[in-house]
Amino acid sequence: MSLLVVGLSHRSAPVSVLERAALNADAQIKLAQDTVAAEPATEAAVLATCNRIELYADVDKFHAGVAELSTLLAQHSGVGLDELTPYLYVHYEDRAVHHLFSVACGLDSMVVGEGQILGQIKDSLARAQELHTAGRLINDLFQQALRVGKRAHSETGIDRAGQSLVTFGLEQLAVGTPVEDWARGKKALVIGAGSMSSLAAATLARAGVAEVVVANRTQERAERLAQILTEAEDTDVSARAVPMDAVPAELTRADIAVSCTGATGLVLGAETVAAAVEGRTGAPAADAGPDRRTTDKAAGVRPATPLPPTSVGTEDGCPLDLSAPGFSVMGEAAVAGMDAATLEQHAAWVAGAPAERRDTVRRRPEADAELIGALAATAATVGRIPERRKPEPVAAERPEPVLFLLDLAMPRDIDAAVHRLAGVRLVDIESLAEASADAPMAADVDQVRRIVSDEVAAFGAALRAAHITPTVVALRTMAADVVAAEIARLDGRLPGLDDKQRGEIRQTVHRVVDKLLHAPTVRVKQLAAEPGGAGYADALRTLFDLDPETVASVSRAEDSTEKNRGPR
């Protein structure tokens, strides 16, 4: 096995990079085709979702494969290789299998345990099969990943730990209120009619919204989704389809809007949303200042991505004293705790003015004693030590939202500037990533991890055992040829044998050969399945002087059968 995966996800890259690197359906097809056309790869599949882009390939050279796959990802995503490389991750052989199985179980999802990824893996495999870019390895790998994912969901409570991205997004919109209570009686607008939009529409219908309006560029798909919602037995919702140009008017009527399209540009601009709010309230949707994400970060919520390193204090001749304990040169923390004089000195140095490095100012013990004495005298007079604290900032209250927006698209459908509009609550992929970073994980996650580890070991053993199969087939073919040649020679030397006698002799010789080969071939498969067992195939070929081309032809025939297999 030489499985290689190169990709980026919400765990390795900021949403802004994922958004720019997103691949539409045509780009995914071209990427898979170009990958198998490249020299290091013989099979390929692309797994692209709203929070990950991964390229799987069977390669014959690791370093060349990494270079080629990274370059192809950059070319087809439109993000320069230099910019994309810091966010890429690479997994090889067993680690690559472990990664895909973890993805299939929902362990690597933005919302841990969500099951929608299984449908996306199935679609990825079907696309590779249709393009004939999936051979034996990709077929076996993706089909086993689907089985592992289903096993995890059926044998554990991982479903309790996770949910669909749609449900998680609606919970973020509801802010602590049960989604059913929050959504009941509201009017919903769903933009798009793909799998994610359909799931959103069905989830809203089950939550008790009064109406679902579906807008899509293809009117027939919107009408079909609306019909499914209307005819569903587990809901009682009114549903209808509208063209995309009706979205601004429908947004004025809607309480909730969910958007997930394949558009490369914005579907809802800030002006459109502001106009919808004004149409609902009769008052302009004013800019409310910092958006909720900024407020959350100020309140201590962990940011989505670390601050980039800064060059402050690293250049030759810089007057900053980097030897001071606790001093950091990471991002904004580089100026934490610095006195004004040091900052001014550094600013002068940056501007080109002469500046000398100076030691950190240290207070004299005598000065400390004087300060303590003054504090003691003050405490004796007023009964307490005077407090000196900065005035706490007063955050302006935002009005209660009248319009709730959920953007599940990548790249985004809704302008991020909408976060700043009063009367609007927007939840998008970026805010979902921040919210999910600290989401609790169920105890069942550990059990799923054990399932993944066991399945990876079993898959590796089966793959290693399958690697020796062409050699065993070639050995048995050679034995059958020897038996046939000897029977023919016997017929020439004993022409008086009747058909029954010839049949008995032929059957006896075949049984002898089969019994001689049975134990060695079974044992060699067992040994080859163990780690480091790849050398047994070579030993078998050497011991029996098998023709390498015969072995290769068997392998090519099997791969051709797998590669031309249609979707299942």
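Residues numbered from 1 in each chain as written. Predicted model: local features only at pLDDT ≥ 70, side-chain atom pairs only at ≥ 80, totals over all residues. Heavy atoms only, no water.

(A) Highlighting the overall build of the protein. Scanning the protein from terminus to terminus reveals 22 helices and 10 strands. By residue count, 43% of the 568 residues in the protein fall in the buried class. A separation of at least 24 residues holds for 73% of the contacts in the protein among residues at least 6 apart in sequence. Per element, the accessible surface of the protein, about 29400 Å² overall, is 54% carbon and sulfur. (Helix = DSSP H or I, 4+ residues; strand = E, 2+ residues; numbered from the N terminus. Buried < 20%, exposed > 50% of the residue type's maximum accessible area, 1.4 Å probe, protein only. Contact = heavy atoms within 4.5 Å. Areas by Shrake-Rupley, 256 points an atom, 1.4 Å probe, with all protein chains shown as cover.)

(B) A look at the sheet that holds strand E5 (residues 187–191). Spatially, six strands are ordered E7-E6-E5-E8-E9-E10 in an open sheet, and the strand pairing comes out parallel. Only two strands of the sheet have a single neighbouring strand rather than two, namely strand E7 (238–242) and strand E10 (424–427). In this sheet, adjacent strand axes meet at a mean angle of 15° when their direction is disregarded. Those strands touched by helix H12 (residues 219–231) are strand E6 (211–215) and E7, and its axis lies near 180° from that of E7. Contacts from helix H14 (residues 270–281) reach strand E9 (403–407) and E10 within the one sheet, and its direction differs from that of E9 by about 155°. (Pairing = 2+ DSSP bridges. Axes fitted to C-alpha atoms, helices over the stretch in contact; angles between N-to-C directions.)

(C) Quick peek at the pairing of E6. Counting buried positions along E6 gives five out of five residues, so the element sits mostly inside the fold. Covered by surrounding structure in E6 are Glu 211, Val 213 and Ala 215 together with Val 212 and Val 214, the residues of both alternating faces. Bridge count between E5 and E6: five bridges; the pairing is parallel. Its bridge partner lying in E6, Ala 188 is registered against Val 212. Across five bridges, the pairing between E6 and E7 is parallel. Note that in E7 the partner of Val 214 across the bridge is Ala 241.

(D) The arrangement of the nonpolar core in detail. Counting residues in hydrophobic clusters, the biggest one holds 68 residues, and the most contacted among them are Leu 84, Leu 165, Trp 182, Leu 229 and Leu 408. With near-sequence residues (within four places) excluded, Leu 229 lies in contact with Ala 201, Ala 202, Ala 205, Val 212, Val 214, Thr 235, Val 237 and Ala 239. Core analysis: the second largest hydrophobic core is formed by 36 residues, Ala 104, Leu 125, Ala 128 and Ile 138 among them. (Core = buried A, V, L, I, M, F, W, Y, C linked by side-chain atoms within 4.5 Å.)

(E) Layout of the pattern of salt bridges. Here the structure, examined in full by the defined rule, presents 21 salt bridges. Across the pair Glu 83 and Arg 20 runs a salt bridge whose closest N-O atoms are separated by 2.4 Å. Here Glu 83 is found in helix H4 (residues 81–84), whereas its partner Arg 20 is found in helix H1 (residues 15–21), with 63 residues between them in sequence. For Asp 491, the salt bridge identified is with Arg 502, shortest N-O distance 3.0 Å. In this pair, Asp 491 is assigned in helix H19 (residues 444–493) and Arg 502 in helix H20 (residues 499–529), connecting sequence segments 11 residues apart. A single network of salt bridges, built from pairs that share partners, joins Arg 11, Arg 52, Glu 54 and Asp 108. (Salt bridge = Lys/Arg side-chain N within 4 Å of Asp/Glu carboxyl O.)

(F) Spotlight on the sheet that holds strand E2 (residues 41–49). Spatially, E2-E3-E1-E4 is the arrangement adopted by the four strands of the open sheet, whose pairing is antiparallel. Where the open sheet ends on each side, the last strands, each with one partner, are E2 and strand E4 (89–92). Adjacent strand axes in the sheet meet at a mean angle of 15°, parallel and antiparallel pairs treated alike. Bridge count between strand E1 (residues 3–9) and E4: four bridges; the pairing is antiparallel. What sits directly across from Leu 4, in E4, is Tyr 92. Where helix H6 (residues 116–131) meets the sheet, it contacts E2 and strand E3 (52–59), and its direction lies at approximately 145° from that of E2. Along the sheet face, helix H7 (residues 136–155) touches E1, E2 and E3 and points at about 35° away from the line of E2.

(G) Region of interest: unusual backbone geometry. Note that the residue after Met 410, namely Pro 411, is joined by a cis bond; omega there is 5°. Note that Pro 411 resides in the loop between E9 and E10. Residue Glu 93 is not a glycine yet carries a positive backbone phi of 50°. In this fold, Glu 93 is placed in the loop between E4 and helix H5 (94–104). Backbone geometry places His 132, a non-glycine residue, at a positive phi of 60°.

(H) Representation of the environment of Ser 259. Position of Ser 259 among the secondary structure elements: in strand E8 (residues 256–259). Overall, the relative accessible area of 1% leaves Ser 259 in the buried class. Excluding residues that lie within four positions of it along the chain, Ser 259 makes contacts with Ile 191, Val 267, Leu 406, Asp 407, Leu 408, Ala 409, Asp 413 and Ile 414. Separated by 2.7 Å, the side chains of Ser 259 and Asp 413 make a polar contact. (Polar contact = N/O pair within 3.5 Å; in protein donor to acceptor, adjacent residues only side chain to side chain.)

(I) View of the state of the cysteines. In the structure shown here, the tally under the stated rule is zero disulfides. Considering cysteine sulfurs only, Cys 50 is the nearest to Cys 260, which forms no disulfide, with 6.7 Å between them. (Disulfide = S-S within 2.5 Å.)

(J) Structural detail: the confidence of the model for the protein. Put simply, the protein has an average pLDDT of 80, and 74% of its residues get 70 or more. Low pLDDT, under 50, characterises residues 295–315; the stretch is placed with 26 contacts to residues that sit more than four places away or in other chains. Here residues 322–339 is a poorly scored stretch, pLDDT under 50, and it has 27 contacts once near neighbours within four places are set aside; other chains count. (pLDDT = per-residue confidence, 0-100.)

(K) Representation of the side chain of Thr 49 in the model. With respect to the element layout, Thr 49 can be found in strand E2. Look past the residues within four positions of Thr 49 in its chain and what remains in contact with it is Ile 117 and Gln 120.

(L) Representation of the packing of H5 against H7. Running from N to C, H5 and H7 point in directions that differ by 45°, and their axes come no closer than 8 Å. Judged by the angle between their axes, H5 and H7 are oblique. Here the hand of the crossing between H5 and H7 comes out right-handed. Along the contact surface, H5 presents Val 97, Leu 100, Phe 101 and Ala 104, while H7 presents Leu 141, Phe 142, Gln 144, Ala 145, Val 148 and Gly 149. The residue makeup of the contact of H5 with H7, split by class, is eight nonpolar, two polar and no charged. (Parallel < 35°, antiparallel > 145°, perpendicular 65-115°, else oblique. Left-handed = near helix turned anticlockwise from the far one by under 90°. Nonpolar A, V, L, I, M, F, W, Y, C, P; charged D, E, K, R; others polar.)

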